[in-house]
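Given next are the chains, with one letter for each unit.
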Amino acid sequence: AGSAARPGGRSCSNPEISWALPDTSHVSHDDLTSIILFFLNILFLFAYLCHAMGSQVGEVLLYYCYCEVKDPEKLCAWQKALCQHLHLTGKVRVASEGINGTVGGSKVATSLYIKVMLSQPLFKNILCQEDFKSSAGGAHCFPDLRVGVFKEIVPMGIDPKIVSYKETGIHLSPQEFHREVEQYLSQASQGQSDTILLDCRNFYESKIGHFQGCLAPDIRKFSYFPSYVDENLELFKDKRVLMYCTGGIRCERGSAYLRSKAVCREVYQLKGGIHKYLEEFPDGFYRGKLFVFDDRYAICSNEDIISACRYCGVLWDQYKLCSSQHCRQLVLTCPSCCNKGLTACCPVCQEKELKVTARASGQTLKEECECTRRRPRVPIENVSPRMLDTGK
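Predicted, not measured: the structure shown is a model, and the values here were computed from it.

Trainee: Honestly, the packing of helix H4 (residues 72–85) against helix H5 (residues 107–119) in this entry has me stumped. Any pointers?
Mentor: Packed helix pairs are specified by the crossing angle of their axes together with the interaxial distance, meaning the distance between the axes. H5 packs onto H4 with a crossing angle of 155° between their chain directions and a minimal axis gap of 11 Å. By the criterion of interaxial angle, the relationship of H4 to H5 is roughly antiparallel. Judged by the sense of rotation from one axis to the other, the crossing of H4 with H5 is right-handed. Taking contact as the criterion, the partners of Trp78, Gln79, Leu82 and Cys83 in H4 are, on H5, Tyr113, Val116 and Met117. Looking at side-chain class alone, the contact of H4 with H5 contains six nonpolar, one polar and no charged residues.

This is the structure we're talking about:
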């Protein structure tokens, strides 16, 4: 870990944004859109059916690139045109600090997308092939395409000029991170560790999958992470912190914020996130599912189920949206409980059977329920002295 590098402010000389779109004249419409796959994708049978029919499985790409963007609006317009040209759906955030995207489509389309992104002068010598994380999926994993300009490419709620990605933690490759976690678990079992293995994702993500022995904050949004750190500075004092998230982007800003508090001995982060780790260590120290922000909700690399049905307690890790249409909370409810009508996130939603309430504008009105009320914005950690010593 001592030899690992801290990027320390990757930047570029603000080259002009290229408006080039890939030539798709040699690609058939079906290959570009994978329209056949859309109809075959019923639950988890689509991969088997597509293989049997000789069709190509689509994929979902996850990537980000921190760099100086002089004209975010222009980059946003080009990105939207590119995705539409390739029939990609998903979400792309553009800001003066870079770009963050999750897009889905056919493998032909995603391959062309990567090629064009790597040839974009703005990302030259910054973005590389391995920065793109992929998983089986396609355009059907997202309801539509959303491309926009924001202040941050990952919403932490802190001005990028105050806490910059240029002050990030030390990046560890999956192999280096694996060795660090192995050493941490060995020392922690003997009560001798000075390390904290920190999951900087939301509670519903870590609930269905996490690294063994991790500290998983009870937060609903990444924008609550800074407050969590502020309220628990004593926990991190003089500790070595190993931080991880889904694809690495939250660690870029999260580690920078933690370092800005000057309480840790050192802060490390998993390069490429859990995505890259699972590519090399599918049966490593990460157990359970990996939560993803699309209609799949989760992808798996091992057979472990570490979460339970909200109602009966049987092992279960497949999320559904609360059946009360006003509510956007996720719920773990097994088929047996679903058949009994237990499909809401909490008794408040379940008992009242609230229907959609709309404002005059026609927009759905979100209401607080038991799940949101009982989860404080900044959780109070009940940490014993022994846990402080072991870093658990």
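The rest of the description comes next.
Trainee: Explanation requested: H4 in the structure shown.
Mentor: One full turn of an α-helix is made of 3.6 residues, so residues set three or four places apart face in the same direction. Over its 14 residues, H4 runs 20 Å from end to end, which matches the ideal 20 Å to within 8%, given 1.5 Å per residue. Here H4 has its buried residues at Pro72, Leu75, Cys76, Trp78, Gln79, Leu82 and Cys83. Seen end-on, H4 carries its buried residues on one side only, within an arc spanning 170°. Phi turns positive, to about 60°, at His87, one or two residues after H4.

Trainee: Sorry if this is basic, but what is going on with the pattern of salt bridges here?
Mentor: Where charged atoms from two side chains of opposite charge approach closely, those side chains can pair. Per the counting criterion, the structure on display carries 16 salt bridges. Across the pair Glu97 and Arg253 runs a salt bridge whose closest N-O atoms are separated by 3.9 Å. Residue Glu97 is found in the loop between strand E2 (89–95) and strand E3 (98–105), and its partner Arg253 is found in helix H10 (residues 249–260); the two are separated by 156 residues along the sequence. Relative accessible area serves as the criterion here: at 0%, Arg253 is assigned to the buried category. Put simply, Glu97, Glu152 and Arg253 are held in one network by salt bridges that share partners.

What counts, and where the lines are drawn
Residues numbered from 1 in each chain as written. Predicted model: local features only at pLDDT ≥ 70, side-chain atom pairs only at ≥ 80, totals over all residues. Heavy atoms only, no water. Axes fitted to C-alpha atoms, helices over the stretch in contact; angles between N-to-C directions. Helix = DSSP H or I, 4+ residues; strand = E, 2+ residues; numbered from the N terminus. Parallel < 35°, antiparallel > 145°, perpendicular 65-115°, else oblique. Left-handed = near helix turned anticlockwise from the far one by under 90°. Contact = heavy atoms within 4.5 Å. Nonpolar A, V, L, I, M, F, W, Y, C, P; charged D, E, K, R; others polar. Expected span 1.5 Å × (residues − 1). Buried < 20%, exposed > 50% of the residue type's maximum accessible area, 1.4 Å probe, protein only. Arc of directions from axis to C-beta. Salt bridge = Lys/Arg side-chain N within 4 Å of Asp/Glu carboxyl O.

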